[in-house]
Amino acid sequence: MMPPDEIAYSKRSILELQEYLEDNDNIMINSDILTTEKIKDLLDPWTWLSSDHINAYFSMLNTKHPQIYAFPSYFYTKLTTNQEYNYEGVRRWTKRTSIFDKEIVLIPINFSDSHWVLAVLRMHQQKIEIWDSLGGQHNKKSIKENINKYLQDEYKDKKRGKNVKTKKFEEWPVKVKFRTGKTPQADTNSCGVFICFFARLLSECYEDDEIFDILFNHNSVIEHYREVMASELWEFTQVVILANDEKIG
């Protein structure tokens, strides 16, 4: 279902969620918790999305789309502790996951608690994209260097001891989306919503031009996407609860 079509559909789920929160303090998305206040923030068009929102949404995407891998928001922070590259800080994060077997790897990046961007690693094409709704409010060079270092170190580390000859790692090129021309974000507080929107559609294999069409040719898509996100998260919790009940039964 295309996101514009989901706006009206999400209204019913939002009502169910609001009724649930009258008697409950939170909802759980895998191991991530969204409190009542965080859900209210998610639905507030003037509130900036926090790491809690990003992590819950990306955790849901990981479960729904096994061909992708979405890191939590603090991955890049750990990778660049005190603005210094630090592979050891994240080496064990993929102990049970081989990112090189995925089609897409998603890395949310936060700059100075003021702007979210999404790094998209196209694993088969061996290229990096930066989806920035403001069109380039970041240091492209540092992202390129840090992610390329991470890919090289991750490849060496995960192939070590497996009788696989590690090949020389070629640096992956980086392209910034919306660097030129019209940018989709017109306010100062919806960047987190944008990276969730990008992550969702890329996980569902939308082509770039399809995403651009939704952004620029359908009115108020991002304005209402908060409701779509809340609806998705609520319905995901219900599916998980139902699945667990069936296992117990």
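In the annotation of an unreviewed UniProt entry, the entry for the protein reads Cysteine proteinase, and the organism field reads Gigaspora margarita.

Novice: Explain the pairing of strand E5 (residues 115-122) to me, please; I cannot follow it from the model alone.
Specialist: Within a regular strand, side chains alternate between the sheet's two faces. Along E5, 8 of the 8 residues are buried, which leaves the element largely enclosed by surrounding structure. Here E5 shows no split at all, with His115, Val117, Ala119 and Leu121 on one side and Trp116, Leu118, Val120 and Arg122 on the other all buried. With 8 bridges joining them, strand E4 (residues 104-111) and E5 adopt antiparallel strand pairing. What sits directly across from Asn110, in E5, is Trp116. Counted between consecutive antiparallel strands, the loop separating E4 from E5 contains 3 residues, among which Ser112 sits at a positive phi close to 55 degrees. Here E5 hands over to strand E6 (residues 127-131) after 4 residues, with Gln126 in that stretch at a positive phi of 55 degrees.

Novice: Is there a simple way to think about the pattern of salt bridges in this case?
Specialist: Side chains carrying opposite charge are able to pair once their charged atoms draw close together. Applying the stated criterion to the full structure yields 14 salt bridges. In this structure, Lys158 and Asp157 form a salt bridge, with 3.0 Å as the shortest nitrogen-oxygen distance. Note on Asp157: relative accessible area 13%, which makes it buried. Among the salt bridges present, the one from Asp208 reaches Lys177, with a minimum N-O distance of 2.5 Å. Residue Asp208 is located in helix H7 (residues 208-217), and its partner Lys177 is located in strand E7 (residues 174-177); the two are separated by 31 residues in the primary sequence. On the basis of relative accessibility, which here comes to 6%, the residue Lys177 falls in the buried class.

Novice: Looking at this structure, I do not really get helix H2 (residues 36-43). What am I missing?
Specialist: Side chains that are three or four residues apart share a direction in an α-helix, a result of its 3.6 residues per turn. For H2, every residue scored as buried is listed here: Thr36, Ile39 and Leu42. All buried residues of H2 fall inside an arc of 115 degrees around its axis, so they share one side.

Novice: I'm lost on the packing of aromatic side chains in this one. Help?
Specialist: Ring pairs (aromatic) are described by centroid distance and by the angle formed between their planes. Evaluated as defined, the whole model comprises 19 aromatic pairs. Here Tyr87 and Tyr150 contribute two aromatic rings whose centre-to-centre distance is 5.9 Å and whose plane-to-plane angle is 45 degrees, an arrangement assigned as tilted. Of this pair, Tyr87 sits in the loop between helix H4 (74-79) and E4 while Tyr150 sits in helix H5 (residues 140-159), and the two are 63 residues apart along the sequence. Comparing Tyr87 with Tyr150 shows no difference in burial state: the two are buried. Here the aromatic residues Trp131, Phe178, Phe194, Phe197, Phe198, Phe212, Phe216 and Tyr225 are joined through ring pairs into a cluster of three or more.

Novice: Got a minute to help me understand H5 in this structure?
Specialist: In a regular helix each residue adds 1.5 Å, so 20 residues correspond to 28 Å; H5 covers 28 Å between its end C-alpha atoms and thus fits that length. Tucked into the core, H5 has its buried residues touching H4, E4, E5 and E6.

Novice: Help me out: how do you make sense of the environment of Thr94 in this one?
Specialist: Structurally, the position occupied by Thr94 is in the loop between H4 and E4. The class of Thr94 is buried, set by a relative accessible area of 1%. The sequence separation of Thr94 and Glu154 amounts to 60 residues, and the corresponding C-alpha distance is 8.8 Å. Excluding residues within four positions of it along the chain, Thr94 makes contact with Phe71, Ile99, Tyr150, Glu154 and Lys158. One polar contact links Thr94 to Lys158, side chain to side chain, over a distance of 3.3 Å.

Novice: What is the right way to look at the sheet that holds E5 in this model?
Specialist: Remark on secondary structure: sheet strands pair via backbone hydrogen bonds, oriented parallel or antiparallel. A sheet is described by the order of its strands in space; here 5 strands give the open sequence E3-E4-E5-E6-E7, paired in mixed fashion. Sheet topology places strand E3 (68-70) and E7 at the edges, where each strand pairs with a single neighbour. Across the sheet, the mean angle separating the axes of adjacent strands is 20 degrees when strand polarity is ignored. Of the strands in this sheet, E3, E4 and E5 touch helix H3 (residues 51-64), which is tilted by about 160 degrees from E3. Of the strands in this sheet, E3, E4, E5 and E6 touch helix H6 (residues 191-203), which is tilted by about 20 degrees from E5.

The rules behind these values
Residues numbered from 1 in each chain as written. Predicted model: local features only at pLDDT ≥ 70, side-chain atom pairs only at ≥ 80, totals over all residues. Heavy atoms only, no water. Buried < 20%, exposed > 50% of the residue type's maximum accessible area, 1.4 Å probe, protein only. Helix = DSSP H or I, 4+ residues; strand = E, 2+ residues; numbered from the N terminus. Pairing = 2+ DSSP bridges. Salt bridge = Lys/Arg side-chain N within 4 Å of Asp/Glu carboxyl O. Arc of directions from axis to C-beta. Phe/Tyr/Trp six-rings, centres within 6.5 Å; stacked < 30°, edge-to-face > 60°. Expected span 1.5 Å × (residues − 1). Contact = heavy atoms within 4.5 Å. Polar contact = N/O pair within 3.5 Å; in protein donor to acceptor, adjacent residues only side chain to side chain. Axes fitted to C-alpha atoms, helices over the stretch in contact; angles between N-to-C directions.

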